[in-house]
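Secondary and tertiary structure notes
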Amino acid sequence: MFALQFSSLSEFLHMGGVYTFHIWAVYLLFAVFISYNLLQPKMVRRHFLREQKRRAARDEELASKTNTQK
Amino acid sequence: MWLWFAKLGSPRWFYELSDKWLPWLYVSMLILMSIGLFWALLIVPEDYQQGQTIRIMYIHVPVASISLACFPLMAVAGTITLVWKMKLADMVAQSVAPIGAWFTGLALATGAIWGDQIWGTWWAWDARLTSLLIQFFLFIGVIALRSAIDSPDAAAKACAVLAIVGAINVPIIKYSVDWWNTLHQPASNFSMDPVAPNPPEVWVPLLVMISAVYVFFAIALILRTRNEILQRERRSQWVIDLVAREKNV
């Protein structure tokens, strides 16, 4: 039940030959789907944190300016 | 029980709890996905009819079945939004829509690739395929609807209604293969018998892949919901503190 179906790497990549493209296209799409949906939220989060830090820094600067004017 | 329910509705509480969940989810996804992919690609024997293309099933079936779970989830979140006005439920509803669109799109794409091999055609206006295409458009519709309405409260209500109404399509997709004669095959029964058409050596790795993709779905949903929480609560003190604590962004 647990025997490997392929005896070499090239045989594995070949996938029986007839539908090599179909099989690997599906697995490639799956890889794209997984990576996009994990990386996209991370990018959004990083963008959000940068934006908020910039805003906080600007507010602080503004506050210190008004303080010195007093 | 009600205290728990009210707490779960608090975005901050969810955010802090999911901090603890995420590492475990990542680890279980990695383990399940490695076992599942290794098994599906290297160990599952060739199908007597389909040959090596049986391996497409281990992607297509998990993705397609979980795409059917997205819409009911959105409908339940929409109902909670309408009835209890729970903020977190609307954030979940908003986050699940693009993920559902991705799942449905991938189910259609992998199905087309598989269909080209077993049916000799990429597409057919068959009940299963058409109803799944409608689900794809419904997800796009929910996303478009939210971005079209300026008031967040009105957008939340409108999307909740569309999610609840659109959920009628889910049983249609699920039972389309039984109700109508479709090119798409009906679901197979799992059998413990090693000489049955669908023996354990075929469906056990499928179950592993389904669990792996479910865990992935949970991670993707939690990540998006957390971003939505931060965005909507950005003026509250706990998010300001959190931003200040984050180094190197």
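Whatever comes next refers back to the structure up there.
This section reports on the structure supplied with the text. (Residues numbered from 1 in each chain as written. Chains lettered and ligands numbered in written order. Predicted model: local features only at pLDDT ≥ 70, side-chain atom pairs only at ≥ 80, totals over all residues. Heavy atoms only, no water.)

When the charged atoms of two side chains with opposite charge come close together, those side chains can pair. If you walk through the whole model with that rule in mind, you get 8 salt bridges over all chains. Linking Glu 246 of chain B and Arg 45 of chain A is a salt bridge whose minimum nitrogen-to-oxygen distance equals 3.1 Å. Linking Glu 246 of chain B in the segment after α9 (237-245) with Arg 45 of chain A in helix α2 (residues 20-69), this pair reaches from one chain into another. Glu 246 of chain B gets classed as partly exposed once you look at its relative accessible area, which sits at 25%. Between Asp 90 of chain B and Arg 232 of chain B there is a salt bridge, and its shortest N-O distance comes to 3.0 Å. (Salt bridge = Lys/Arg side-chain N within 4 Å of Asp/Glu carboxyl O. Helix = DSSP H or I, 4+ residues; strand = E, 2+ residues; numbered from the N terminus. Buried < 20%, exposed > 50% of the residue type's maximum accessible area, 1.4 Å probe, protein only.)

Let us look at the interface of chain A and chain B. The parts lose accessible area when they come together, and the size of an interface is often stated as this lost area. Between chain A and chain B, the residue contacts involve 35 residues of the former and 49 residues of the latter. Between chain A and chain B, roughly 4,000 Å² of surface is buried when both sides are summed, and carbon and sulfur atoms account for 75% of that area. Summed over the shared surface of chain A and chain B, the number is 1 salt bridge. Here chain A and chain B share 11 residue pairs in polar contact (both at pLDDT 80 or more) between them. Sorting elements by how many residues they give to the side of chain A that touches chain B places α2 of chain A first, with 25 residues. Counted by class, the side of chain A that touches chain B contains 23 nonpolar, 6 polar and 6 charged residues. (Contact = heavy atoms within 4.5 Å. Buried area = accessible area lost by both parts, 1.4 Å probe. Polar contact = N/O pair within 3.5 Å; in protein donor to acceptor, adjacent residues only side chain to side chain. Nonpolar A, V, L, I, M, F, W, Y, C, P; charged D, E, K, R; others polar.)

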